[in-house]
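Chain and residue survey
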Amino acid sequence: MTAVPPRTHTPTPGQTVGPFYAFGLQYPDMNQIVHPHSPGSLVLGGTVTDGTGAAIPDALIEIWQADSDGTIPRARGACRRDGHTFTGFGRAFTTDEGRYEFWTRNPGAEPGKAPFFAVIVYARGLPDKLHTRAYLPEDEAALAVDPLLAGLAPEERATLIASRTPEGGLHFDIRLQGEKETVFLDY
């Protein structure tokens, strides 16, 4: 019986996400939850920045949402786009300037809750994904009684509420840390 030699190398440390995660995650029209310029469509976009305000050029953003009537899409094949089916799910990579963009429509909400997009952020340097929400800005009464928003300080709440653009789209910036850091959810 041969003796096992002593270990001479230390184990490889764990790795954070990226920047090579694009392989296998991309698919055609992945940022088009609805077909561009279809009735009710709008652009949801923003910038992902670090604690110093510098753009994150290689983040991946996913959104999940209810349809305009508040129903959750349950059809299989959310990664296959046919040009007319609302899937409720999309992915977008950030540009060199940290910008992301989705074609979607306003989500509806359950009674007693404000309508929102569930947002997931993947980026290098993050040991795990980050979860947050982007709320629609219009219904102040619903925002005031939403269970998540009601438990936050006003400056924290402000990081979760998108703003309406002059074109009718939505603008939602994501700040990973530092002053005005986006509120992230613990799952």
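Residues numbered from 1 in each chain as written. Predicted model: local features only at pLDDT ≥ 70, side-chain atom pairs only at ≥ 80, totals over all residues. Heavy atoms only, no water.

Turning next to the overall build of the chain. A count of helical and extended segments in the chain gives 3 helices and 9 strands. In sequence order, the secondary structure elements of the chain are arranged as β-β-β-β-β-β-α-α-α-β-β-β. A total of 187 residues make up the chain; the buried ones form 38% of that total. Pairs at least 24 apart in sequence give 69% of the contacts found in the chain among residues at least 6 apart. Of the roughly 11200 Å² that the chain leaves accessible, carbon and sulfur atoms contribute 55%. (Helix = DSSP H or I, 4+ residues; strand = E, 2+ residues; numbered from the N terminus. Buried < 20%, exposed > 50% of the residue type's maximum accessible area, 1.4 Å probe, protein only. Contact = heavy atoms within 4.5 Å. Areas by Shrake-Rupley, 256 points an atom, 1.4 Å probe, with all protein chains shown as cover.)

Considering the arrangement of structural elements, one finds T182 in the segment after β9 (174-175). Within the structure, the side chain of T182 is placed 2.8 Å from the backbone nitrogen of R175, a separation counted as a polar contact. (Polar contact = N/O pair within 3.5 Å; in protein donor to acceptor, adjacent residues only side chain to side chain.)

It is worth spelling out the pattern of salt bridges at this point. Where charged atoms of side chains with opposite charge meet at close range, the side chains can pair. Per the stated rule, a full pass over the model turns up 6 salt bridges. The salt bridge involving R105 is made with D67; its shortest N-O contact spans 2.8 Å. Taken together, the positions of R105 in the loop between β4 (99-104) and β5 (116-122) and D67 in the loop between β2 (60-65) and β3 (89-93) put the pair 38 residues apart, joining distant regions of the chain. As a salt-bridge pair, E110 and K113 come within 3.9 Å of each other at their nearest N and O atoms. The class for K113 is partly exposed, based on a relative accessible area of 36%. (Salt bridge = Lys/Arg side-chain N within 4 Å of Asp/Glu carboxyl O.)

Turning to the pairing of β5, a few remarks are in order. Strand direction decides the pairing type here: β2 and β5, joined by 6 bridges, are antiparallel. Bridge assignment links Q65 to a residue of β5, and that residue is F117. Pairing analysis gives 6 bridges linking β5 to strand β6 (residues 130-135), with the strands arranged antiparallel. Along β6, the bridge assignment pairs A118 with R133. (Pairing = 2+ DSSP bridges.)

Below, the discussion takes up unusual backbone geometry. Even without being glycine, H37 reaches a positive phi, approximately 70°. Among the secondary structure elements, H37 is positioned in the segment before β1 (42-49). By relative accessible area, H37 is classed as exposed at 70%.

A few words on the side chain of Q65. Relative to the helices and strands, Q65 resides in strand β2. In contact with Q65, other than residues within four places in its own chain, are I33, P73, F86, G88, T104, R105, N106, P107, F116 and F117.

What follows concerns the packing of aromatic side chains. Scanning the entire structure with this criterion turns up 3 aromatic pairs. A centroid spacing of 4.3 Å and a plane angle of 45° characterise the contact between W64 and F89, whose relative ring orientation is tilted. Here W64, found in strand β2, pairs with F89, found in strand β3; they are 25 residues apart in sequence, far enough to count as distant. Residue class for F89 comes out buried when judged on its relative accessible area of 4%. The ring of F116 carries R133 above its face, with NZ or CZ at 3.9 Å from the centroid. (Phe/Tyr/Trp six-rings, centres within 6.5 Å; stacked < 30°, edge-to-face > 60°. Lys NZ or Arg CZ within 6 Å of the ring centre and 35° of its normal.)

Here the focus is the sheet that holds β3. Strand order in this open sheet of 4 strands is β3-β2-β5-β6, and the pairing throughout is antiparallel. Two strands in the sheet have a free side with no partner beyond their single neighbour: β3 and β6. Put simply, the sheet's adjacent strands are angled 25° from each other on average, direction ignored. (Axes fitted to C-alpha atoms, helices over the stretch in contact; angles between N-to-C directions.)

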